[in-house]
Amino acid sequence: MAHPSQLGFQDAASPVMEELLHFHDHALMIVFLISTLVLYIIVAMVSTKLTNKHILDSQEVEIVWTILPAVILIMIALPSLRILYLMDEINDPHLTIKAMGHQWYWSYELTDYEDLNFDSYMIPTSDLTPGQFRLLETDHRMVVPMESPIRMLISAEDVLHSWAVPSLGMKMDAVPGRLNQTTFIASRPGVYYGQCSEICGANHSFMPIVVEAVPLQHFENWSSLMLEEA
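The protein chain is annotated in an unreviewed UniProt entry as Cytochrome c oxidase subunit 2 of Atractosteus tropicus. We quote the UniProt Sequence similarities (unreviewed entry) comment for the protein chain here in full: "Belongs to the cytochrome c oxidase subunit 2 family." Annotation of the protein chain in UniProt includes, under Subcellular location (unreviewed entry), the sentence "Mitochondrion inner membrane".

Next up, the structure:
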């Protein structure tokens, strides 16, 4: 969960999000060093009247400022491609969940069970209990087992939506008529909040996502209870 006035990312709750945070810090440090160098050169050129004819017309300098940016781009591109392939890798998922976007709520179906599906609506502000977050709590949370590969199948029934949970490094568009696939692993137990990240209409800001990661035994108890209610 984000803190008030927080400038950085939320704490990572999945291996992919940890990799994304490391890549962010890596790229930001490169940008910081480049900005510092450029600022130093600008200040030096403005503040001094001395010139060097060997620098103004030098093959060696041109070679350096051509090769160096290429090396920097490679240093950014290789880790980026690695994470891109990691995010697309789905190996033997333990559970498959189908999320459907509606105006304006989410419905979930655990396809490994015969009849386990539910709708997830935002809890109105007037019905919130102490400790719950306004515009983020739902009446039914998506409960998943921790430390297990979860495959998400995401689509929509009406307009474009986007299923996004920042702590898990998840953001996938829900497109009507198309089934998108992604995966995540919750590293530790907890409650992780997200929202629809596509402008989908008047109540776009009122369709939150709540993922609750619990130990496997607790997940089995929850699924049994949901099946009994169904």
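Chemist: Any details on the overall build of the protein chain? Residues and values, ideally.
Modeler: Within the protein chain one finds 4 helices and 10 strands. Helices and strands in the protein chain line up, N terminus first, as α-α-α-β-β-β-β-β-β-β-β-β-β-α. Over its C-alpha trace the protein chain gives a radius of gyration of 24 Å, far above what one expects of a compact globule, namely 17 Å for 230 residues. Its C-alpha atoms put the protein chain at 85 × 40 × 35 Å along the principal axes. At a minimum sequence separation of 6, the contacts of the protein chain that also span at least 24 residues come to 64%. Put simply, the protein chain shows about 14,500 Å² of open surface, and 61% of that area lies on carbon and sulfur atoms. Averaged over its 10 positive side-chain charges, the protein chain has a centre that lies 13 Å from the centre of its 27 negative ones.

Chemist: Describe the domain arrangement of the protein chain, naming the residues involved and giving the relevant values.
Modeler: Structurally, the protein chain comprises domain 1 (15-88) and domain 2 (95-229). When each unit is reduced to the centre of its C-alpha atoms, the spacing between domain 1 and domain 2 is 40 Å. Each side of the interface is counted separately: domain 1 has 4 residues, and domain 2 has 8 residues. Its largest share of buried area at the contact with domain 2, domain 1 owes to Pro 15, Met 17 and Met 87, together 74% of the area lost on that side. In this assembly, domain 1 and domain 2 are joined by 0 salt bridges. If you tally residues by element for the side of domain 1 that touches domain 2, the top one is helix H1 (residues 15-47), at 3 residues. Broken down by class, the residue content of the side of domain 1 that touches domain 2 amounts to 4 nonpolar, no polar and no charged.

Chemist: So what's going on with the sheet that holds strand E1 (residues 95-102)? Residues and values would help.
Modeler: Here 5 strands make up an open sheet; going across it, the order is E3-E2-E1-E5-E8 and the pairing mixed. Edge positions in the sheet fall to strand E3 (117-120) and strand E8 (180-184), since each has one partner strand and no second. Across the sheet, the axes of successive neighbouring strands diverge by a mean angle of 25°, strand direction being ignored. For E1 and strand E5 (residues 150-156), the ladder comprises 7 bridges, and the chain directions are parallel. From the neighbouring strand, Thr 96 faces E5, where its bridge partner is Arg 151.

Chemist: Describe the packing of H1 against helix H3 (residues 59-87), and please don't skip the residues or the numbers.
Modeler: How two helices sit against one another is set out by the angle between their axes and by the gap between those axes. Two numbers describe how H1 lies on H3: the axes approach to 10 Å, and their chain directions differ by 170°. Viewed along their axes, H1 and H3 adopt a mutual orientation that is roughly antiparallel. As for the relative orientation of H1 and H3, their crossing is left-handed in sense. The segment H1 lies against H3, with Val 16, Glu 19, Leu 20, Phe 23, His 26, Ile 30 and Ile 34 engaging Ile 72, Met 75, Ile 76, Pro 79, Ser 80, Arg 82, Ile 83, Leu 86 and Met 87. For the contact of H1 with H3, a count of residues per class yields 12 nonpolar, 2 polar and 2 charged.

Chemist: Go over a nonpolar patch on the surface with me, naming the residues and quoting the values.
Modeler: On the surface, Ile 34, Leu 37, Val 38, Tyr 40, Ile 41, Ile 42, Met 45 and Val 46 cluster together into a nonpolar patch covering about 840 Å² of accessible area. Here Tyr 40 is to be found in helix H1.

Chemist: Outline the packing of aromatic side chains, supporting the account with residue identities and numerical values.
Modeler: Taken as a whole, this structure holds 5 aromatic pairs when the rule is applied. Ring centres 5.6 Å apart and planes at 40° place the aromatic pair Tyr 108 and Phe 118 in the tilted group. Taken as a pair, Tyr 108 in strand E2 (residues 105-110) and Phe 118 in strand E3 lie far apart in primary sequence, 10 residues in all. A residue is classified by how much of its surface remains accessible, and Tyr 108, at 2% relative accessible area, is buried. An angle of 85° between the planes, with centres 6.0 Å apart, marks the rings of Phe 118 and Trp 222 as edge-to-face.

Chemist: An account of the environment of Ser 155 is needed here, citing residue identities and associated values.
Modeler: On the secondary structure map, Ser 155 appears in strand E5. Sequence-wise, Ser 155 and Gly 101 are 54 residues apart; in three dimensions their C-alpha atoms are separated by 6.3 Å. If we ignore the near neighbours within four places in the chain, the residues touching Ser 155 are Ala 99, Met 100, Gly 101, Ala 174, Val 175, Gly 177, Arg 178 and Leu 179. Of the polar contacts made by the side chain of Ser 155, one reaches the backbone oxygen of Val 175; its length is 3.2 Å.

Conventions we followed
- Residues numbered from 1 in each chain as written.
- Predicted model: local features only at pLDDT ≥ 70, side-chain atom pairs only at ≥ 80, totals over all residues.
- Heavy atoms only, no water.
- UniProt positions renumbered as here; feature names shortened; annotations may be inferred.
- Helix = DSSP H or I, 4+ residues; strand = E, 2+ residues; numbered from the N terminus.
- Rg over C-alpha atoms; globule rule 2.2 N^0.38 Å.
- Contact = heavy atoms within 4.5 Å.
- Areas by Shrake-Rupley, 256 points an atom, 1.4 Å probe, with all protein chains shown as cover.
- Lys, Arg positive; Asp, Glu negative; His and termini not counted.
- Charge placed at Lys NZ, Arg CZ, Asp CG, Glu CD.
- Domains from an automatic or database assignment.
- Buried area = accessible area lost by both parts, 1.4 Å probe.
- Salt bridge = Lys/Arg side-chain N within 4 Å of Asp/Glu carboxyl O.
- Nonpolar A, V, L, I, M, F, W, Y, C, P; charged D, E, K, R; others polar.
- Pairing = 2+ DSSP bridges.
- Axes fitted to C-alpha atoms, helices over the stretch in contact; angles between N-to-C directions.
- Parallel < 35°, antiparallel > 145°, perpendicular 65-115°, else oblique.
- Left-handed = near helix turned anticlockwise from the far one by under 90°.
- Patch = residues over 30% accessible without salt bridge, like charges linked within 9 Å, V, L, I, M, F, W, Y side chains within 5 Å.
- Phe/Tyr/Trp six-rings, centres within 6.5 Å; stacked < 30°, edge-to-face > 60°.
- Buried < 20%, exposed > 50% of the residue type's maximum accessible area, 1.4 Å probe, protein only.
- Polar contact = N/O pair within 3.5 Å; in protein donor to acceptor, adjacent residues only side chain to side chain.

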